[in-house]
Amino acid sequence: VLRCLGIPTRVITNFNSAHDKNINLSIDKYIDVSGKTLHLTEDSVWNFHVWNESWFIRRDLGSFYDGWQVLDATPQERSKGIYQCGPASTRAIKEGDVNLDYDSSFVFAAVNADCVTWIHYSKKRRERIYSDTRKIGKFISTKAVGTNSRVDVTANYKYPEVKEMSFKISYSQYKNSLMDDRKILVTAV
């Protein structure tokens, strides 16, 4: 319909799409002390999820948020009491502006939530034992114009994942590096 009105629109596919039911920006899994999964949350990770993007000027949010906006024709959660999702600015999603209207927090979680595993000891005590910050939001894609090729638009939704690097240094080298940092800080003040 939006294309018929002359509004640029495209289909987006997000692989490893998070469904963050409680909007805490993480997909939580609970286990007991024996490792058995406890069903204490409705969070889930879908193999993929599809939505639309349309190009809008956002006078309501400011020109910083102009551009591609997420619209989900199959919303799974209520937003302000109605089953709807969007228009959420992809710029807001990338920048982590999750407090804006129009479901930016839900879409942010769909592409960038952390997967966290907890040991659940009691109603008042739990312990985080694992966190995967890279699992969600892979190969966010649209179809290329005029061909059947895939165009990766992940960079529109999130910054590149930081690769973990391990360094083998001695404790004395580590301690000296901290001293160097303090010297820089003192000099800067």
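Residues numbered from 1 in each chain as written. Predicted model: local features only at pLDDT ≥ 70, side-chain atom pairs only at ≥ 80, totals over all residues. Heavy atoms only, no water.

Naming follows an unreviewed UniProt entry, where the chain appears as TGM3L glutamyltransferase of Sula dactylatra.

Asks: Could you give an account of the sheet that holds strand β11 (residues 138–143), with specific residues and numbers?
Replies: Strand pairing in a sheet is mediated by backbone hydrogen bonds. Such pairs are either parallel or antiparallel. Taking strand neighbours across the sheet as the criterion, the six strands line up as β8-β5-β4-β1-β11-β12 in an open arrangement whose pairing is antiparallel. Strand pairing shows two members of the sheet lacking a second neighbour, β8 (88–89) and β12 (150–152), which therefore form its edges. In the sheet, strand β1 (residues 9–19) pairs with strand β4 (residues 44–56) via 10 bridges, with the strands oriented antiparallel. The partner of Thr-13 across the bridge, within β4, is Val-50. Contacts between helix α2 (residues 104–112) and the sheet are confined to β1, β4, β5 (67–71), β8 and β11, with β1 contributing the most and set at about 70° to the helix. (Pairing = 2+ DSSP bridges. Helix = DSSP H or I, 4+ residues; strand = E, 2+ residues; numbered from the N terminus. Contact = heavy atoms within 4.5 Å. Axes fitted to C-alpha atoms, helices over the stretch in contact; angles between N-to-C directions.)

Asks: Can you lay out α2 for me, pointing to particular residues and giving the numbers?
Replies: An α-helix turns once per 3.6 residues; consequently, residues spaced three or four apart project the same way. Extensive coverage of α2 is indicated by the burial of eight of its nine residues. For α2, every residue scored as buried is listed here: Ser-104, Ser-105, Phe-106, Val-107, Phe-108, Ala-109, Ala-110 and Val-111. (Buried < 20%, exposed > 50% of the residue type's maximum accessible area, 1.4 Å probe, protein only.)

Asks: Tell me about the pairing of strand β9 (residues 114–120), and name the residues and values.
Replies: Among the seven residues that make up β9, five are buried, leaving the element largely enclosed by the rest of the structure. Bridge analysis of strand β2 (residues 26–31) against β9 gives six bridges, and the strand direction is parallel. Note that in β9 the partner of Ile-27 across the bridge is Cys-115. In terms of strand pairing, β9 meets strand β10 (residues 126–132) through six bridges, oriented antiparallel. Its bridge partner being in β10, His-120 is matched across the sheet by Arg-126. Hairpin remark: β9 followed by β10, antiparallel, with five residues in the connecting loop.

Asks: Tell me about the nonpolar core, and name the residues and values.
Replies: Core analysis: the biggest nonpolar cluster contains 14 residues, and Trp-51, Val-70, Ile-93, Val-107 and Tyr-157 have the highest contact counts within it. Looking at this core element by element, the count peaks at four residues for α2. If we skip the residues at most four places from it in the chain, Val-107 touches Val-70, Cys-85, Ala-88, Ile-93 and Tyr-157. Ranked by size, the runner-up nonpolar core spans six residues in total, among them Ala-109, Ala-113, Cys-115 and Ile-136. (Core = buried A, V, L, I, M, F, W, Y, C linked by side-chain atoms within 4.5 Å.)

Asks: Lay out unusual backbone geometry in plain terms, naming residues and giving numbers.
Replies: Its identity as a non-glycine residue notwithstanding, Tyr-102 has a phi of 75°, on the positive side. Under the relative-accessibility criterion, Tyr-102 is labelled partly exposed at 33%. One non-glycine residue with positive phi stands out, namely Asp-103, at about 70°. Examined against the element boundaries, Asp-103 turns out to sit in the loop between α1 (90–95) and α2.

Asks: Could you give me a rundown of the sheet that holds β10, with the residues and numbers involved?
Replies: Strand order across the open sheet formed by four strands is β3-β2-β9-β10, with mixed pairing between neighbours. Strands with a single pairing partner mark the edges of an open sheet, and in this sheet they are β3 (37–38) and β10.

Asks: Run through the pattern of salt bridges, naming residues and quoting values.
Replies: Evaluated as defined, the whole model comprises four salt bridges. Across the salt bridge formed by Arg-10 and Glu-53, the nearest N and O atoms sit 2.7 Å from each other. Taken together, the residues Arg-10 in strand β1 and Glu-53 in strand β4 connect sequence positions 43 residues apart. For the pair Arg-10 and Glu-53, one class covers both residues: buried. Of the charged contacts in the structure, one is a salt bridge between Glu-42 and Lys-21, with a shortest N-O distance of 3.7 Å. With a gap of 21 residues between them, Glu-42 in the loop between β3 and β4 and Lys-21 in the loop between β1 and β2 connect regions that are remote in the sequence. Here Glu-42 falls in the exposed class, since its relative accessible area comes to 56%. Overall, Lys-21 belongs to the partly exposed group, its relative accessible area being 34%. (Salt bridge = Lys/Arg side-chain N within 4 Å of Asp/Glu carboxyl O.)

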